[in-house]
Amino acid sequence: MKQTIHKHKEHLIYLAFWLLLFTAPVMTGYIRSINAPVQGMHWHEVFEVWKTLALFLAIFLIHNFFVAPLLVKRKKKTLYFATVAAITVVFIILQCQRPGPSRLPLQGPSPMGKQIAPPPLPYPPSAPNGMKSQPVPANRPPHLSGKPGAPIGKPPIDVGRNDIIGVVLLLSLLGLNLGVKLYFKNEEDAKVMTALQQQSLEQQLEYLKYQINPHFLMNTLNNIHALVDIDPEQAKELIVIMSRLMRHMLYEGSKSLIPLQREVDFLQNYIELMRIRYTDQVDITVELPSTTPEANIPPLLFITFVENAFKHGVSYRQQSFIRIKLSTDNNRLCFVCTNSKRHDTGQHQTEELQGGVGLNNIRQRLSLLYGTNYSLKMDDGAETYHVSLSLPLS
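Residues numbered from 1 in each chain as written. Predicted model: local features only at pLDDT ≥ 70, side-chain atom pairs only at ≥ 80, totals over all residues. Heavy atoms only, no water.

Enquirer: Outline the overall build of the protein chain, supporting the account with residue identities and numerical values.
Expert: Counting its secondary structure elements, the protein chain contains nine helices and seven strands. In the protein chain, which comprises 394 residues, the share counted as buried stands at 33%. Sequence separation of at least 24 residues holds for 71% of the intrachain contacts in the protein chain that already meet a minimum separation of 6. Here the protein chain has roughly 24800 Å² of accessible surface; of this, 61% comes from carbon and sulfur atoms. (Helix = DSSP H or I, 4+ residues; strand = E, 2+ residues; numbered from the N terminus. Buried < 20%, exposed > 50% of the residue type's maximum accessible area, 1.4 Å probe, protein only. Contact = heavy atoms within 4.5 Å. Areas by Shrake-Rupley, 256 points an atom, 1.4 Å probe, with all protein chains shown as cover.)

Enquirer: I'd love a proper account of the side chain of H63, names of residues and values included.
Expert: Within the secondary structure layout, H63 lies in helix 2 (residues 43-72). The class for H63 is buried, based on a relative accessible area of 0%. Within polar-contact distance, the side chain of H63 engages the side chain of Y80 at 2.9 Å. Beyond its immediate chain neighbours, meaning those up to four positions away, H63 contacts A68, P69, Y80, V84, L174, N177 and L178. (Polar contact = N/O pair within 3.5 Å; in protein donor to acceptor, adjacent residues only side chain to side chain.)

Enquirer: Give me the pattern of salt bridges: which residues, what numbers.
Expert: In this structure the tally under the stated criterion is seven salt bridges. The closest approach of N and O atoms between K341 and D380, which form a salt bridge, is 2.5 Å. Linking K341 in the loop between strand 5 (332-340) and helix 8 (349-355) with D380 in strand 6 (residues 375-380), this pair joins segments that are 39 residues apart in sequence. With a relative accessible area of 23%, D380 lands in the partly exposed category. (Salt bridge = Lys/Arg side-chain N within 4 Å of Asp/Glu carboxyl O.)

Enquirer: Describe in detail the sheet that holds strand 2 (residues 282-287), supporting the description with residues and values.
Expert: Strand order across the open sheet formed by five strands is 2-4-5-7-6, with mixed pairing between neighbours. The open sheet terminates on both sides in strands that have one partner only, identified here as strand 2 and strand 6. Direction aside, the axes of adjacent strands within the sheet are offset by 5° on average. (Pairing = 2+ DSSP bridges. Axes fitted to C-alpha atoms, helices over the stretch in contact; angles between N-to-C directions.)

Enquirer: Account for helix 9 (residues 359-370), naming residues and giving values.
Expert: Between its first and last C-alpha atoms helix 9 spans 16 Å; for twelve residues at 1.5 Å apiece the expected length is 16 Å, and the two agree. With its phi angle positive at about 65°, G371 sits one or two positions after the end of helix 9. (Expected span 1.5 Å × (residues − 1).)

Enquirer: Which residues make up the side chain of S390, and what values do they have?
Expert: Its place among the elements puts S390 in strand 7 (residues 384-392). Among residues more than four places away in sequence, those in contact with S390 are R332, L333, C334, Y374 and S375.

Enquirer: How would you summarise helix 3 (residues 77-96) if you had to cite specific residues and measurements?
Expert: The terminal C-alpha atoms of helix 3 lie 29 Å apart, and with 20 residues this matches the ideal 28 Å at 1.5 Å per residue to within 8%. Those residues of helix 3 that fall on the buried side of the exposure criterion are Y80, V84, I87, T88, F91, Q95 and C96. The buried residues of helix 3 occupy one face: seen down the axis, they fall within an arc of 160°. (Arc of directions from axis to C-beta.)

Enquirer: So what's going on with unusual backbone geometry? Which residues, and what values?
Expert: Despite not being glycine, L300 shows a phi value in the positive range, around 55°. Inspection of the secondary structure assignment puts L300 in the loop between strand 3 (296-297) and helix 7 (303-313). Within the chain, N330 stands out as a residue other than glycine whose phi angle is a positive 55°. When its relative accessible area of 68% is taken as the criterion, N330 is described as exposed.

Enquirer: Can you lay out the nonpolar core for me, pointing to particular residues and giving the numbers?
Expert: One broad rule of soluble globular proteins: the nonpolar side chains tend to lie buried together. Counting residues in hydrophobic clusters, the biggest one holds 49 residues, and the most contacted among them are F302, F310, F335, L366, L376 and L389. Per-element tally for this core: the top contributor is helix 6 (residues 260-277), with nine residues. When near neighbours in sequence (up to four residues on either side) are disregarded, F310 contacts Y270, I271, M274, Y278, I284 and I322. W18, V84, F91 and L170 belong to the second-largest nonpolar core, a separate cluster that totals 20 residues. (Core = buried A, V, L, I, M, F, W, Y, C linked by side-chain atoms within 4.5 Å.)

Enquirer: I'd love a proper account of the packing of helix 2 against helix 3, names of residues and values included.
Expert: Where helix 2 meets helix 3, the closest approach of the two axes is 9 Å, and the angle between their N-to-C directions is 165°. Considering the angle they form, helix 2 stands roughly antiparallel to helix 3. As for how helix 2 packs across helix 3, the hand of that crossing is right-handed. Each of L55, F56, I59, H63, V67, A68, L70 and L71 in helix 2 lies in contact with helix 3, whose residues at this interface are K77, L79, Y80, T83, V84, I87, F91 and Q95. Its residues assigned to classes, the contact of helix 2 with helix 3 comprises twelve nonpolar, three polar and one charged. (Parallel < 35°, antiparallel > 145°, perpendicular 65-115°, else oblique. Left-handed = near helix turned anticlockwise from the far one by under 90°. Nonpolar A, V, L, I, M, F, W, Y, C, P; charged D, E, K, R; others polar.)

Now the structure itself:
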C-alpha cells in the first residue's frame, strides 16, 4: 500500500513537470501576441518546440521505466551507465542530422559586423562563351570534385551550439529523473527499515517479558509452598497478594509502558509478600514516593533487582538488611537497592545475575527502550551489594 502511494507521488511530480514544459511555449506565444497584436499567435513555432520536447519526453519515458530501474532496483551500475551513454550518442546523431536554420555554428557571429565570405561552391561556376573554366584542384575531396559522374556524398556531421545545449539538457533531465527515483527509493527503504526495527523491538521486548514472568512466578510459588504447612493463615495472605501481582502481570505486563504509580503499587505488594515470609531478623527498609508524577515506565523493570536482593541478602544465621528507595528528580527516576550478602554461598550476586535471566535481560530492555539515556551501576562488594538505576521519565 505504501509503495503504491510512493509511486503515485513520483508520477504526479513527473506529470506536473512535463505539463509545465509543454505549457510554457503556449504561454510565451500568448504573451507575445498580447504585446504585438498584429503578429498574432505563432502556432508553427509552438509546434516546433513541442516536437523537440516530444523527443525529450520519449527518452525520459525510456529512461524512467527501463533504464533507471537498472541502477535503482537491480544495482547494475555498469549496464546503466553504458545504456545512458548509448542513448546520448543516438540523441547526438539525431540532433546533428535535423535540418533547420535555427542551428547555430560553433564559431559564432562575424566580429565587428564584417561580411563573411560565402563558402566555395562545390562545382566551378559556368564560364561565359568562349572562355575556359578554371580547373578543379587535384586535392579537392571526391564528393566536391565536380567530375562528371562523380557521386555526391553527404556532408560530415556538423555539431552546433544548440546541439551541445541539447545534450546538456538531456543529461540534466536524466539526472533529475534518477535523483527523484533515488529519493523515493531511499524514503521507502527508510520506512521499511523503521517498521522492521519496530517489529524487532516489540518481539525482543515480548521475549524478555516472557523470561521474567515464569521466573517471578516460580519464586513466588516457592514462597507460598514454604508457608502452607508452617503457617496456613500467612499462606492465605500470600495467595491474596499474589492474585494482585498476577493481575498486574496479566493486564499491565503486556504493555510497553504503564503509569509509574502502578509499578510502585506492584513493588509494594511484592515487598509485603516477602515481609510475611521473613522474621524481624531481616531489616527491610522501603522508601517509595507517596505521590508520583504523571509519567510512564516499562513494566516489571525493578522486580529482578528486588528478587535478587531477597534471595542473596537474607541469611538466617546473621543479621540481614534490604534497603529499597525509589525517587524522582529533574524528570528522572532513580532506583536504589542495597542488601547485605550471605556468606554461605561462594557465588557473587553479579555473577548469578549475569548467568541467569537477570542482568543481560535488564540491559537489553534498557538499551532497546532508552538507548544510551540511562545509567545502571552495580557494586558487588564483600559485605553488601548495591544497585543504582537512573532513567528518564516520559
